[in-house]
Amino acid sequence: MSYLDNVNSPKDIKKLNIDELEALCGEIRELMIKTVSENGGHLASNLGVVELTVALHKVFNSPQDQIVFDVGHQCYTHKILTGRRESFSTLRCEGGIGGFTRPSESPHDIFSSGHSSTSISAAIGLAKAKSLKGEKGKVIAVIGDGALTGGLAYEALNNSAGENKNLIVILNDNNMSIGKNVGSIARHLTTIRTSPKYNTFKNGITRSLAKIPKLGSQLIRSITSINQRIRKHVYKNTFFEDMGFRYYGPIDGHDLDALIDALRVAKSHNHPVLLHINTAKGKGYDFAEKNPSKFHGIGKFNINTGEPIPSGETFSSVFGDSLFHLAENDTRICAVTAAMADGTGLKKFAEEFPRRFFDVGIAEQHAVTFSSGLARNGMIPVFAVYSTFLQRSYDQLIHDVAMQGLKVIFCIDRAGFVGSDGESHHGLFDTAYLMSVPGLTVYSPSCFEELSSMLYQAVYKEKQAVAIRYPRGSECKMPEDYSYQKEDYITFGNTDKDICIVTYGREFENCYGALSQLDNAYILKLNKIKPLNPAVSECVKNAKQIIFFEEGIKTGGTGECFAAMLEEQGINIPFKHICVEDEFVKQASVDSQLKKYHLDKDSVIEEVNKLDG
């Protein structure tokens, strides 16, 4: 790594020429592929923005010039160039650097985000604050064409984005999703307009005209008006110009010369600029280029074959198969996803039932209200979504689904701890916000059998909105003779014992695993966590103590609702709640996170023995 070994800050790459920068890009890709193969992470998107990120740090002066990466998952090159090269091997590891931008990690990380479409809003706020305080420097928002499908991005563009003279938006287009420009004419015009010689000449002409008394300013306005008309005729993408941006593009996102020229032009302007660049996801790694979806977010994999380390059957795949089999015999069933067909297990459904499969892009709010429209006209929509992303559509869930009394089925993947993605991606909040939604039924399976059966119940037995929440990965270890009989709850062990352990979902495995080593406890497993069946109190009323283990946030969660229900029924038994307190959970393995929050098997034994001591 002859060049990369000498890069410890953005200042170091400003000394390199184009040939050296291109060699540096190759070394960055090599380091990135090796690290992600060992740690997992977002590979395809990061490989696609290597040249762009190098060019940004070549032209701008971070952190005075502030770079905001949308989602933040394509920040790996940025981290390598801003003093974190030596710690890059700790990417997404406990105590290591994060897989997303993190201001607490470096002054070069301006804004933290794990959800998409936020960059332009944040950049406008940053740019406005700079203006109000009289601070120098540009603010650059880097947003992908996928993130541009999110409504928040358009809200930001509509919110006077064009008035911020120190704002630059870079549209990283890796799928031509906003349409093509008019071929070679547009490309040639962009080459001319981003040429340093052209801009020096143009600025000289403008200064000369300004010196002409009376006629000078009128001539400048006339030339500018003609210029705008020509651009609108040549470019189809006039939307950004109408919003007040000076548009440049398309630009080859892997041509360092062209990128550096365009960025220098953007930096020189005293009005907002939008650079439209084309990149290839997975650039430089053949397997990722051919299958960028597979390498978007991937676990450990074999560099030589591109094959992931096998993980076996998962809740996501079982959900996808179960829904597919139901849809084979029921043409009312529709599947909805927000750009996560593969991740949520819907790939087979999409291939076999394309007319009933809807990928709405990164637009969870729209997905929910769109689903409510399907439901209103007699379809059975199933919205498959990660827990962390459903947070974005809470209002629609209440207003457009529950309040309308419509049956939309929410299949909530990645519930609970998710491991190395960290703070922004844990599914720890869904129980708390779902418990407050009137008329919503919430199931929480612990095994594949329960998931399939609960999905059937949701489709054919429930009358209103239903949520089924399940964790990432494989199913829990269940008792050998266990068979789900559609009970709202079930007990394990001798209910005459003094301590009742209450739990649900994945945490049941740790509680049941501990039971054989506990002399004075039994388990109450909740299958339906909302509404809580009032009859469940019969299972605890004779206990001397209750301890509730919950893989979720405390405030408003299932444990608090369970305790409130007992109190309302006049059952006053000492109650202890083991869960996540008022905090965001850092990246680590799921096993480590369970242990830290006293939810692993050994901690269950320890906590119960404290009560029994």
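So, how was this worked out
- Residues numbered from 1 in each chain as written.
- Predicted model: local features only at pLDDT ≥ 70, side-chain atom pairs only at ≥ 80, totals over all residues.
- Heavy atoms only, no water.
- Helix = DSSP H or I, 4+ residues; strand = E, 2+ residues; numbered from the N terminus.
- Buried < 20%, exposed > 50% of the residue type's maximum accessible area, 1.4 Å probe, protein only.
- Contact = heavy atoms within 4.5 Å.
- Areas by Shrake-Rupley, 256 points an atom, 1.4 Å probe, with all protein chains shown as cover.
- Pairing = 2+ DSSP bridges.
- Axes fitted to C-alpha atoms, helices over the stretch in contact; angles between N-to-C directions.
- Parallel < 35°, antiparallel > 145°, perpendicular 65-115°, else oblique.
- Left-handed = near helix turned anticlockwise from the far one by under 90°.
- 1 Å grid on protein atoms, 1.4 Å probe; cavity = no way out; pocket = protein on both sides within 12 Å on 5 of 7 lines; lining within 4 Å.
- Points joined across faces, edges and corners; volume = space filled by probe spheres on them.
- Nonpolar A, V, L, I, M, F, W, Y, C, P; charged D, E, K, R; others polar.
- Core = buried A, V, L, I, M, F, W, Y, C linked by side-chain atoms within 4.5 Å.
- Phe/Tyr/Trp six-rings, centres within 6.5 Å; stacked < 30°, edge-to-face > 60°.
- Lys NZ or Arg CZ within 6 Å of the ring centre and 35° of its normal.

> Got a minute to help me understand the overall build of the protein chain in this structure?
For the protein chain, the count of helices and strands is 24 helices and 17 strands. Residue burial in the protein chain is summarised as follows: out of 613 residues, 55% are buried. In the protein chain, 75% of the contacts between residues at least 6 apart in sequence involve partners at least 24 apart. Only carbon and sulfur atoms are counted for the fraction: they give 50% of the accessible area of the protein chain, which is about 25900 Å².

> Teacher, can you tell me more about the sheet that holds strand β16 (residues 545–553) here?
One key point about sheets: their strands pair by backbone hydrogen bonds, in either a parallel or an antiparallel sense. Spatially, five strands are ordered β12-β14-β13-β16-β17 in an open sheet, and the strand pairing comes out mixed. At either end of the open sheet lies a strand with only one pairing partner, and these are β12 (489–492) and β17 (575–580). Taken pair by pair, the neighbouring strands of this sheet meet at an average axis angle of 20°, ignoring direction. One ladder, built from four bridges, connects β12 with strand β14 (residues 521–526); its direction is antiparallel. Its bridge partner being in β14, Phe492 is matched across the sheet by Ile523.

> Help me understand the sheet that holds strand β4 (residues 246–252), please; the structure alone is not making it clear to me.
Pairing within the open sheet is parallel, and its five strands lie in the order β1-β2-β3-β5-β4. Of all strands in the sheet, those with a lone pairing partner are β1 (66–69) and β4, marking the two edges. Sheet twist, expressed as the average angle between the axes of neighbouring strands with direction ignored, equals 20°. Direction of pairing for β4 relative to strand β5 (residues 273–278): parallel, over a ladder of five bridges. Looking at β5, one finds that Tyr248 is bridged to Leu275. Relative to the sheet, helix α6 (residues 119–133) contacts β1, β2 (139–144) and β3 (167–173), its axis offset from that of β2 by approximately 175°.

> Looking at this model, I keep getting lost on the packing of helix α21 (residues 507–515) against helix α24 (residues 601–612). Mind explaining?
How two helices pack is summed up by the angle between their axes together with the distance between the axes. Where α21 contacts α24, the two axes come as close as 8 Å, and the packing angle between them is 60°. Comparing the axis directions of α21 and α24 gives the class oblique. Crossing angle aside, the handedness with which α21 passes α24 is right-handed. Taken together, the residues of α24 that come into contact with α21 (itself represented by Glu507, Asn510, Cys511, Gly513 and Ala514) are Lys601, Val604 and Ile605.

> Looking at this model, I keep getting lost on empty space enclosed by the protein. Mind explaining?
In this approach a probe as big as a water molecule rolls over the atoms, and the regions it shows empty are the leftover space. One pass over the structure, following the stated rule, counts two cavities of 30 Å³ or more. Estimates place the volume of the largest cavity at around 100 Å³. What lines the largest cavity is a set of 13 residues, among which Ser444, Arg469, Gly505, Arg506 and Glu551 lie closest to the centre. Per-class residue counts for the lining of the largest cavity are five nonpolar, three polar and five charged. By volume, the second largest cavity is sized at about 30 Å³. With four residues, strand β8 (residues 380–386) is the largest single contributor of residues to the lining of the second largest cavity.

> Got a minute to help me understand the nonpolar core in this structure?
Nonpolar side chains in soluble globular proteins generally cluster together in the buried interior. Within the largest apolar cluster, 58 residues are counted, with the highest numbers of intra-cluster contacts made by Phe319 and Ile501. When residues of this core are assigned to their parent elements, the largest contribution, seven residues, is made by helix α14 (residues 315–328). Residues within four places of Phe319 in sequence aside, it is in contact with Thr344, Leu346, Val382, Ala384, Cys411, Leu451, Leu455 and Tyr470. Counting 53 residues, the second-largest nonpolar core is a separate cluster that includes Val59, Ile140, Ile170 and Phe301.

> Explain the environment of Glu20 here, please?
Structurally, Glu20 can be placed in helix α2 (residues 18–39). Along the backbone, Glu20 and Ser2 are 18 residues apart, and their C-alpha atoms lie at a distance of 9.9 Å. Contact partners of Glu20, with chain neighbours within four places excluded, come to Tyr3 and Lys15.

> Would you mind showing me how to read the packing of aromatic side chains here?
To describe a pair of aromatic rings, one takes the distance between the centres and the angle between the planes. Using the criterion set out here, one finds 26 aromatic pairs in the structure. A centroid spacing of 6.0 Å and a plane angle of 20° characterise the contact between Phe315 and Tyr470, whose relative ring orientation is stacked. Of this pair, Phe315 sits in helix α14 while Tyr470 sits in the loop between β11 (466–469) and β12, and the two are 155 residues apart along the sequence. Of the two residues examined, Phe315 and Tyr470, each falls in the buried class. Between Tyr386 and Phe389, the aromatic rings sit 5.7 Å apart at their centres with planes inclined by 15°, giving stacked as the arrangement. An identical accessibility class is assigned to Tyr386 and Phe389; each is buried. The ring of Phe324 has Lys348 sitting right over it, with the charged end atom 4.2 Å from the ring centre. The lysine or arginine in question, Lys525, covers the ring of Phe508, its NZ or CZ lying 5.6 Å from the ring centre.

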